[in-house]
Amino acid sequence: MPDFELIQIDENSWRIEAGMVRAYLFAGTNKAMLVDSTATNAPLYDLVKTVTDLPVMLVNTHADPDHIACNEQFEAAYMHPAEFALYNKSKKKDDAPARPLWNRDIIDLGGRTFEVIHIPGHTCGSIALLDREKRVLISGDSISANPIFIFGPFRDISALQLSLELLKKRSADFDSIYTSHGEYEAGTEQIDMILECAKELMAGHLTAEEPPFPLPAKMYRYNGAGFYFDPAEF
Ligand SMILES: [Zn+2]
């Protein structure tokens, strides 16, 4: 099985499928932006270079290991400074040094811009990227139809709820959400589904299930959304 599958979404957008996680590539007229570098240490930079000659900026939605495995192939890794602690803890020696992206920064690729939205919760420095022109939000792990990891250090479900409320307020600006796990595209209703699930979980209404793989957490699901959560953190 190849490490990566590159699939074109539109004339200057691609998704890079890498097993259980995906990255995205967007091109403008001056530069390209790779969003995340997957869980597979393989020649991702070379793959990106097969579709664009432009300089490539690496942005990490967050620094969990399944999003940074090819960071050593890049000169810099842009992320929110609230993510630096997690990145510096989990990065390999030769991984790109972290560079800051602040809330409301505009990433200008030339003819195409993305707004950085800081959405703490899944991790302290998680970000979403809003392409207002194409009406797409790139969500990292904070929005998914798959259960969202929300147990252990650096994660907080109440912060995630506030971040999702913030994205809901911005949802007039996008129709489509590009996610990192499960189906690549979700509708804006997925935000409501995750918020509902969080509310039911915090109210103690959901039944703990065993996760499909070993995890020091339980799985909770409700109406098309879910969490891996440690009930001891209640
Ligand atoms: Zn992930």
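Everything here concerns the structure above.
Residues numbered from 1 in each chain as written. Predicted model: local features only at pLDDT ≥ 70, side-chain atom pairs only at ≥ 80, totals over all residues. Heavy atoms only, no water.

**Description of the sheet that holds strand β13 (residues 176-178)**
Spatial ordering of the open sheet is given by β8-β9-β10-β11-β13-β14, a layout of six strands whose pairing is mixed. Sheet topology places β8 (106-108) and β14 (185-187) at the edges, where each strand pairs with a single neighbour. Across this sheet, the average inter-strand angle for adjacent strands is 30°, counted without regard to direction. By the bridge criterion, three bridges tie β13 to β14 in an arrangement that is antiparallel. Its bridge partner lying in β14, Ser-176 is registered against Gly-187. (Pairing = 2+ DSSP bridges. Helix = DSSP H or I, 4+ residues; strand = E, 2+ residues; numbered from the N terminus. Axes fitted to C-alpha atoms, helices over the stretch in contact; angles between N-to-C directions.)

**Topic: the packing of aromatic side chains**
For the structure on display, the rule yields nine aromatic pairs. With a centroid separation of 6.2 Å and an interplanar angle of 70°, the aromatic rings of Tyr-220 and Phe-229 are classed as edge-to-face. A relative accessible area of 4% means that Tyr-220 is categorised as buried. Classification of Phe-229 as buried rests on a relative accessible area of 2%. Among the aromatic residues, those joined into a cluster by ring pairs are Tyr-24, Phe-26, Phe-114, Tyr-178 and Tyr-184. (Phe/Tyr/Trp six-rings, centres within 6.5 Å; stacked < 30°, edge-to-face > 60°. Buried < 20%, exposed > 50% of the residue type's maximum accessible area, 1.4 Å probe, protein only.)

**Focus: the coordination of the zinc ion**
Within the protein, Asp-66 (OD), His-67 (NE2), Asp-141 (OD) and His-181 (NE2) serve as the donor atoms for the zinc ion, at 2.0 to 2.3 Å. In this structure, the zinc ion is surrounded by four donor atoms whose angles at the metal cover 87 to 159°, and the resulting shape is irregular. Counting residues between consecutive donors of the zinc ion along the chain gives the motif D-H-x73-D-x39-H. Owing to a relative accessible area of 0%, His-67 belongs among the buried residues under this scheme. (Donors = N, O, S within 2.8 Å, 3.2 Å for Na, K, Ca; no water. Tetrahedral: all angles 85-135°; square planar, octahedral: opposite > 155°, others 65-115°.)

**Examining unusual backbone geometry**
With phi around 75°, Phe-154 is a residue other than glycine that occupies positive phi space. Following the sequence through the fold, Phe-154 ends up in the loop between β12 (148-149) and α3 (157-169). Residue Phe-154 is classed as partly exposed on the basis of its relative accessible area of 29%. Located in the positive-phi region is Asn-223, a residue other than glycine, with phi close to 45°. Locating Asn-223 in the fold gives a position in the loop between β15 (218-222) and β16 (225-229).

**Here's the deal with the side chain of Asn-71**
Among the structural elements, Asn-71 can be located in the loop between β5 (56-59) and β6 (77-79). A residue is classified by how much of its surface remains accessible, and Asn-71, at 0% relative accessible area, is buried. Reaching out from Asn-71, the side chain makes a polar contact with the side chain of Asn-60 at a distance of 2.9 Å. Asn-71 has contacts with Ser-37, Leu-58, Asn-60, Ala-77, Tyr-87, Asp-95 and Ala-96, leaving out every residue within four places of it along the chain. (Polar contact = N/O pair within 3.5 Å; in protein donor to acceptor, adjacent residues only side chain to side chain. Contact = heavy atoms within 4.5 Å.)

**A word on the layout of surface pockets**
Of the volumes computed, that of the largest pocket is approximately 460 Å³. If you trace the largest pocket, you find 23 residues lining it, with Asp-64, Asp-66, Asp-141, Phe-149 and Arg-155 closest to the centre. Contributing elements (two or more residues each) for the lining of the largest pocket: α2 (84-90) and β12. By residue number, the principal contributor to the lining of the largest pocket is α2, which donates three residues. Split by residue class, the lining of the largest pocket holds twelve nonpolar, six polar and five charged. What the second largest pocket holds in volume is close to 150 Å³. Around the second largest pocket sit Tyr-45, Pro-55, Val-56, Met-57, Leu-58, Gln-73, Phe-74, Glu-75, Ala-76 and Tyr-78, which together line it. (1 Å grid on protein atoms, 1.4 Å probe; cavity = no way out; pocket = protein on both sides within 12 Å on 5 of 7 lines; lining within 4 Å. Points joined across faces, edges and corners; volume = space filled by probe spheres on them. Nonpolar A, V, L, I, M, F, W, Y, C, P; charged D, E, K, R; others polar.)

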